[in-house]
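Coordinate analysis (summary)
Here's the letter readout for the chains.
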Amino acid sequence: MEWDGREFEDSLKRGVEFGLDNCIGANDCMEACPVNRLHVNQNELDSVQVSGVWTERVQTFVTECVQCGDCTLACPAGVRRDLMMLYLKTQLPEIPAAWKKYYAVKGRRDRSWLISLLDIGIRISLGKLGEYVDKAHLEPKALLFYFGCYIASPSGSPAATLSLADRLGLDYEVLGGVRSCCGWPQYLSGQMGYGQQMLIHLATLIDQVQPEVIVSGCAECYAALLRLKKKTGASWTPLTTPEWLLRHADALTWRKFDYPIAIHDSCHVTKKIGKPAPARQLLARMTDVVEIAETPEDCVCCGYYNIHANHGLNAQLHADKLAVVADKGGAGMAVECVTCWESFHRPFEDAGVPLWELMVAAERATRPQEEV
Amino acid sequence: MAEITYLIVGNGMAGLSAAQTIRERDRAGRIVLIGDEGEPYYYRASLSDWISDDLTSAMVLGRTPAFYDALRIEQMTAHVARIKSAARRVHLDDGRTLSYDKLLIATGARANVYPVAGLDEILVFRTWADARDIKERLGCCERVLIVGGGILGLELAGALHKVGIQRVAIVQRSGFVGGPLLDADAAAWLMAHTLQPDGVDVFVNDTVARVAAQTAYLKSGQTWDFDVLVQAVGITPVFPETPGLTVGRGIRIDASCRTNLPDVYAAGDCTETLVPGSDSAEDHAWQTTRIWLDCAKQGKVAGRNMAGEPCVLPAQPFYNASVIYTARYSYIGEPHGAEGESYVWQQGNGYRKMRVVEGKLAGALLLNARHGDMALFKAIGQLVGDLGDAVAQPDFPWNDVTGRDWDYEFF
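Figured I'd write up the structure that's included with this text. Small disclaimer: the values here were computed from a predicted structure and weren't measured. (Residues numbered from 1 in each chain as written. Chains lettered and ligands numbered in written order. Predicted model: local features only at pLDDT ≥ 70, side-chain atom pairs only at ≥ 80, totals over all residues. Heavy atoms only, no water.)

Details of the sheet that holds strand S19 (residues 264-266) of chain B
Strands pair in a sheet through their backbones, by hydrogen bonds, and they do so in one of two ways: parallel or antiparallel. All names here are of chain B. Filter applied, for reference: Paired strands are those between which DSSP finds at least two bridges. Each helix is a run of DSSP H or I of at least 4 residues and each strand a run of E of at least 2, with the numbering of both proceeding from the N terminus. The angle between two axes is taken between their N-to-C directions and runs from 0 to 180 degrees, where each axis is a line fitted to C-alpha atoms and a helix contributes only its stretch in contact. Working rule for contacts: check all heavy atoms of both residues, and any pair within 4.5 Å makes them a contact.
Taken together, five strands build an open sheet; the order of strands is S3-S2-S1-S7-S19 and the sheet is parallel. The open sheet has two edge strands with one neighbour each: strand S3 (73-77) and S19. Pairwise comparison of adjacent strand axes, ignoring direction, gives a mean angle of 20° for this sheet. Note that strand S2 (residues 31-35) and S3 share five bridges and pair parallel. Residue leucine 33 lies in a different strand from S3, and its bridge partner there is glutamine 75. Relative to the sheet, helix H1 (residues 13-25) contacts strand S1 (6-9), S2, S3 and strand S7 (102-105), its axis offset from that of S1 by approximately 165°. Helix-sheet contacts for helix H8 (residues 292-306) involve S1, S7 and S19, and the interaxial angle to S7 is about 170°.

Section: the side chain of A:Asn43
Note the following rule: Note on classification: 1.4 Å probe, protein chains only; a residue is buried when its accessible area is under 20% of the maximum for its type, exposed when over 50%, partly exposed between these limits.
Within the secondary structure, A:Asn43 sits in helix H3 (residues 42-51). Take A:Asn43: its relative accessible area is 4%, and that puts it in the buried class. The residues touching A:Asn43, leaving out its near neighbours within four places in the chain, are B:Tyr43, B:Ala58, B:Met59, B:Leu61, B:Gly62, B:Arg63 and B:Thr64.

Regarding the packing of aromatic side chains
Selection rule: Side-chain rings of Phe, Tyr and Trp (the six-membered ring for Trp) are treated as a pair once their centres are within 6.5 Å; stacked means planes under 30 degrees apart, edge-to-face means over 60, and tilted covers the remaining angles. We count a charge as sitting over a ring when the NZ of a lysine or the CZ of an arginine lies within 6 Å of the ring centre and within 35 degrees of the ring normal.
Under the definition given, this model contains 18 aromatic pairs over all chains. With a centroid separation of 5.5 Å and an interplanar angle of 65°, the aromatic rings of A:Phe147 and A:Tyr150 are classed as edge-to-face. For the pair A:Phe257 and A:Tyr259, a centre-to-centre distance of 5.8 Å together with 70° between the ring planes defines the contact as edge-to-face. Summarising the burial analysis for this pair, A:Phe257 and A:Tyr259 share the class buried. Pairwise contacts between aromatic rings join A:Phe145, A:Phe147, A:Tyr150, A:Tyr172 and A:Trp244 into one cluster. Its end group placed over the ring of B:Trp50, B:Lys135 keeps NZ or CZ at 4.1 Å from the ring centre. The positively charged end of B:Arg210 is found above the aromatic ring belonging to B:Tyr217, 4.0 Å away from the centroid.

The values reported here are purely geometric and, on their own, carry no functional implication.
In structure tokens, the structure reads:
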């Protein structure tokens, strides 16, 4: 398979060009942004975009953009402002220090020796799940669980997902570990070519499995699968974890939680891909679902893409989320994306409010009575 | 001072697009951008938001001062009276002359004004100065009469509604408002879902025959009392007197945005282009440029050619998305026409119309329910078969038709 390593960057550039041409200056994007604490205007962004000369305000704002997509939803002119912001992220004069550390290892094949060392530690820490970390040999299977980097997620999602699959008697293969990274962290830190290489490498790993279905519990990995499928014309079907489990839900016995749980929508899956329903349908099997926004698209981002860029900003997003969950009558909150879980889990834990990743919740809700 | 390499007359979207494009390709050449409104480039399409105080003056400006410095685009306020292309000179109203190597005429258009018996002062809505005139009068105003129910008239009406003007009326010469963007059916939808609920008086098939004091006497015999009357009755291209230049209503340009004069280009609302496949000798074969996006494209193509990079206007389906009155629209391809079949879906405050010709999607008009509009843009010309009303449904899988996931795809 031959890919131009700059394809992603080039496609973003086309989005930027379209946006610059179509923008009518309404500024609705900036008004809708939940993290525009500096009140940056759209004309400032486009001035930097075209001139390449950064201002401190715009640099800060672009660094702190959480890629929630609210800007694009607000635009009257069809501009993909979120993509324009993503492109600006790749053009930042300097990669934020926190990002450099975060992406120092994930998918860095030139640091393979370091990854091998890390994998030893990860395998030991994960116990049984550890056998799936950067497996040397993948077997052809119809069902593939793609955990990628989040196989070591403290959410417990991968283990819960596999428990559910075992409970259903399904045969599967698992792709996990930093060597199978989808490339999103690399894109975010401006390493466009590297990100593209990671996606290509992921494609070769998937080819070894020849799956019919690929399941992911990370919204960004799921989006990467969509891109991969469209690029390669692959016949496999990408599913989010709720989509996958809903296909088998009738084969399980469900017990309800004894408290209502709010649903938090992942920006990628709901706003950008437009699939808010599966997570709700799955949660409804386990409890009364509490809506915390007027529409799923109005749900405020977890702030994950602002990772480490501005702790205060994320703290506010988390505090606001706790407040709205309480206000709407939720005694806990559920998320379908592991990155949302990782963003929220500490503040929710500190507040004593249960935060459920959907697979973990489903595993508990369908656990055989004798194991409860 | 260095000679002017690139002289751009007109600092609207076309002129600015050209300037940006030239600078990307020529780091050294001197670029001078002339505007005669006394403002730097601003978003004309957002003047209504400025009237309604949704935008500040700083927000309406299209670029920051630092932008022009960074790209070394010199700005000048002047009016170009005449162009002598053989001598490569432009003559300003104040007597100065400027020489150029390459010239772009991007002088835009002016609002049409029709005299009305009894009306001494006619307000129009085109420039920021016009918007100021209107806004100044809104403070002690309860009734605004808008003559012209096209996109601009409806845009102004939407701003007035936001500002809280008690009574707004629109007088439209044709049988429905919003043309040519809307057809009669879509206009009826707009009336029923927005204009009527907001209490806007709409008079169609009508004109203002005369005005006496603050009363407008319509041709139909009806009357309407007003405090402010604004005409929004179309635009006409404007350009400097240029001997030898081939013009119709606007400056005639080819696919590279060249005029018939050497090293003279034109772009934006001042131009007209040939309808594909038409006989250039026929006047009706030429169409004026009126859409923001087309102005941007022409500016870029002109800029590239001026900077020595030959190119032509891209052949793409039409795409325009913005707001009509208070409804968000996407106008894609050719949604209106006698050929083919049209299918309409309406529910709640959403409206979708698809036109299919010989089994292929020819165009779409979406009002509020704009889900999938980029997929539709990419699906123009694609086979959809004989699927009937299903094609207008919001959940119709346009991504499957195009084989791409346009809800998420990065272009």
